[in-house]
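In case you want the letters, here they are:
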Amino acid sequence: MVVSLATACTGGVEGTPGAAGLRDPYFPKAGNGGYDVTHYDLTFDVDPAAQHLRGTAVITARATQDLSAFNLDLAGLTVESAQVEGRPAAVNRAAHELTLRPDAEVGSHLHKGRTFRTVVRYSGFPLTLTDPDKSKEGWLRTADGSVALGEPVGAMAWFPGNNHPSDKASYDLTVAVPKGLTAVSNGELTSRRTSGGTTTFHWHTAAPMATYLATLAIGHFDTKASTTPDGIKVFTAVDPKSAAASARTLARIPEVVRWEAERFGPYPFSSTGAIVDRANDAGYALETQNRPFFPGPPDIGLLVHEMSHQWFGDSVTPESWRDMWLNEGFATYAEWLWEADKEGVPVQDSFDRAFASDANWAFPPADPPTAADISKSPVYGRGAMVIHRIRQAVNDDERFFALVRGWTKAHRYGTASTADFTAYVEKATGLDLTDLWNTWLYGRSRPATEG
């Protein structure tokens with residue numbers, strides 16, 4: 001179905017349309033071509049009782065080609081108007097694809113390299129989306145409000161954008177909710193004001209962030225702000241029913257961040273923390289940038305895992321969803337390292353358990369067969385085995401951890417692919433690791449022995 005929401009003269013427009021999709025191996029229609037977003041300024045008025053949202057998205061982007069039109073991803077919500085550079089734009093819609101065509105005066109100037117601003121006003125009832133693996137994402141109803149979770153493509157359920165991990169941007173997010181409720185997002189809380197029956201929260205995320213890492217949690221929360229000895233701001237928001245059971249683990253956030261920084265390099269952001277809702281409010285934890293989301297009180301292993309994603313996934317973001325093992329393999333290996341350092345469980349024991357698990361050999365971690373498989377066991381367990389085999393190949397812990405810190409530094413705030421990683425490791429070590437990659441990263445059968 002294609003619906004025209006506005007009309008505009010297109011005579012004299014130069015350039016060609018940006019691609020409707022970036023041809024991701026698993027989500028080919030995710031994201032859009034022809035531009036890079038540099039900043040999202042999102043304003044919301046949310047009625048949690050009705051689960052209704054009214055939003056305005058101001059999107060600043062840079063053209064990467066001469067553009068006659070471009071696309072944004074938005075699922076379900078009704079677009080009321082759109083402007084490009086202050087002038088009305090024609091909008092066509094087909095499923096979650098919005099095609100915006102600037103008028104002639106604007107379109108004749110959208111040349112490669114130009115920065116331009118788009119404003120989209122929209123409203124409706126945000127959707128809960130079902131992933132290929134049957135998990136839920138997008139806009140999820142919770143016991144006393146809602147939470148927005150975006151991996152892999154759920155961000156389009158609540159704001160229009162370039163919905164692919166390869167395009168990262170800074171964010172400002174302003175949310176108005178009924179007085180008595182709290183709205184928590186990424187980055188740092190810069191203001192909170194109450195007027196009449198409404199409280200408005202403004203969150204700012206300065207470091208580049210992929211759309212799938214953006215979050216918005218609305219409900220009753222006990223909040224706490226502090227600062228680590230290293231000067232990192234900590235903000236936690238915990239549902240009162242989860243507060244007592246979460247307190248001991250959340251108190252260790254500064255310890256976990258410092259421990260991981262020693263191994264993975266400086267913490268990449270200016271703030272950290274956590275959002276903890278009630279058990280069963282969502283079916284999974286997620287490494288939402290700055291403060292991971294937990295569906296109920298986390299244990300220390302889960303906290304270590306999600307916090308490590310601030311380096312692997314959030315700062316260094318996968319170039320495509322085929323590269324997800326770079327997120328989950330490192331995060332699982334972080335758990336193994338923590339268990340070794342804090343609980344006396346040798347990393348080799350964790351490796352041996354993963355090696356013995358049939359689930360980890362269902363497919364190669366760098367080549368999941370379908371979109372439904374990108375969050376399955378091989379991406380996590382066998383991904384971690386790849387990291388450990390690199391450590392064994394280097395055969396020097398000081399050099400190995402220097403290698404890891406060099407990786408997070410080289411791609412800090414950017415994106416990286418599996419090919420980037422394998423090339424980096426071989427260059428940094430001077431080793432030919434072809435057999436390692438063929439066996440552990442791409443091999444389709446388990447070796448006779450772990451060696």
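Criteria and cut-off values
- Residues numbered from 1 in each chain as written.
- Predicted model: local features only at pLDDT ≥ 70, side-chain atom pairs only at ≥ 80, totals over all residues.
- Heavy atoms only, no water.
- Helix = DSSP H or I, 4+ residues; strand = E, 2+ residues; numbered from the N terminus.
- Expected span 1.5 Å × (residues − 1).
- Buried < 20%, exposed > 50% of the residue type's maximum accessible area, 1.4 Å probe, protein only.
- Phe/Tyr/Trp six-rings, centres within 6.5 Å; stacked < 30°, edge-to-face > 60°.
- pLDDT = per-residue confidence, 0-100.
- Contact = heavy atoms within 4.5 Å.
- Axes fitted to C-alpha atoms, helices over the stretch in contact; angles between N-to-C directions.
- Parallel < 35°, antiparallel > 145°, perpendicular 65-115°, else oblique.
- Nonpolar A, V, L, I, M, F, W, Y, C, P; charged D, E, K, R; others polar.

Asks: What is the right way to look at helix H7 (residues 377-394) in this model?
Replies: Because each turn of an α-helix spans 3.6 residues, side chains separated by three or four positions end up pointing in the same direction. Compared with the 26 Å implied by 1.5 Å per residue over 18 residues, the 26 Å span of H7 between its first and last C-alpha is a close match. Counting buried residues in H7 gives 14 out of 18 residues, a clear majority hidden from the surface. Asparagine 395 sits one or two positions beyond H7 and adopts a positive phi of about 60°.

Asks: Looking at this structure, how should I read the packing of aromatic side chains?
Replies: Remark: the centre distance and the inter-plane angle together describe each pair of aromatic rings, the angle taken between the planes. Going through the model one piece at a time under the given rule, you end up with 29 aromatic pairs. Each ring, one from phenylalanine 44 and one from tryptophan 158, has its centre 5.6 Å from the other, and the planes form 40°; the classification is tilted. Taken as a pair, phenylalanine 44 in strand S3 (residues 35-47) and tryptophan 158 in the loop between strand S13 (145-149) and strand S14 (168-178) lie far apart in primary sequence, 114 residues in all. Neither phenylalanine 44 nor tryptophan 158 differs from the other in exposure class; each is buried.

Asks: Explain the confidence of the model for the chain here, please?
Replies: In regions of low pLDDT, the predicted coordinates are not meant to be interpreted in detail. Per-residue confidence for the chain gives a mean pLDDT of 95, with 97% of residues at or over 70. For residues 1-12, every residue scores under 50 in pLDDT, and the model assigns this stretch 28 contacts once sequence neighbours within four places are set aside.

Asks: So what exactly am I meant to see when it comes to the packing of helix H3 (residues 253-264) against helix H8 (residues 397-410) here?
Replies: Pairs of packed helices are described in terms of their axes, by the angle between the two and the distance that separates them. Across the interface, H3 lies against H8 with an axial gap of 7 Å and an inter-helix angle of 100°. As far as their axial angle goes, H8 and H3 are roughly perpendicular. Residues Glu262, Arg263 and Phe264 of H3 form the contact with H8, whose own contacting residues are Phe401, Val404, Arg405 and Thr408. Among the residues forming the contact of H3 with H8, the class breakdown is three nonpolar, one polar and three charged.

Asks: Explain the environment of phenylalanine 294 here, please?
Replies: Relative to the helices and strands, phenylalanine 294 resides in strand S22 (residues 293-295). On the basis of relative accessibility, which here comes to 0%, the residue phenylalanine 294 falls in the buried class. Not counting residues up to four positions away in its chain, the partners in contact with phenylalanine 294 are Ala274, Ile275, Val276, Asp277, Ala285, Leu302, Leu303 and Glu306.

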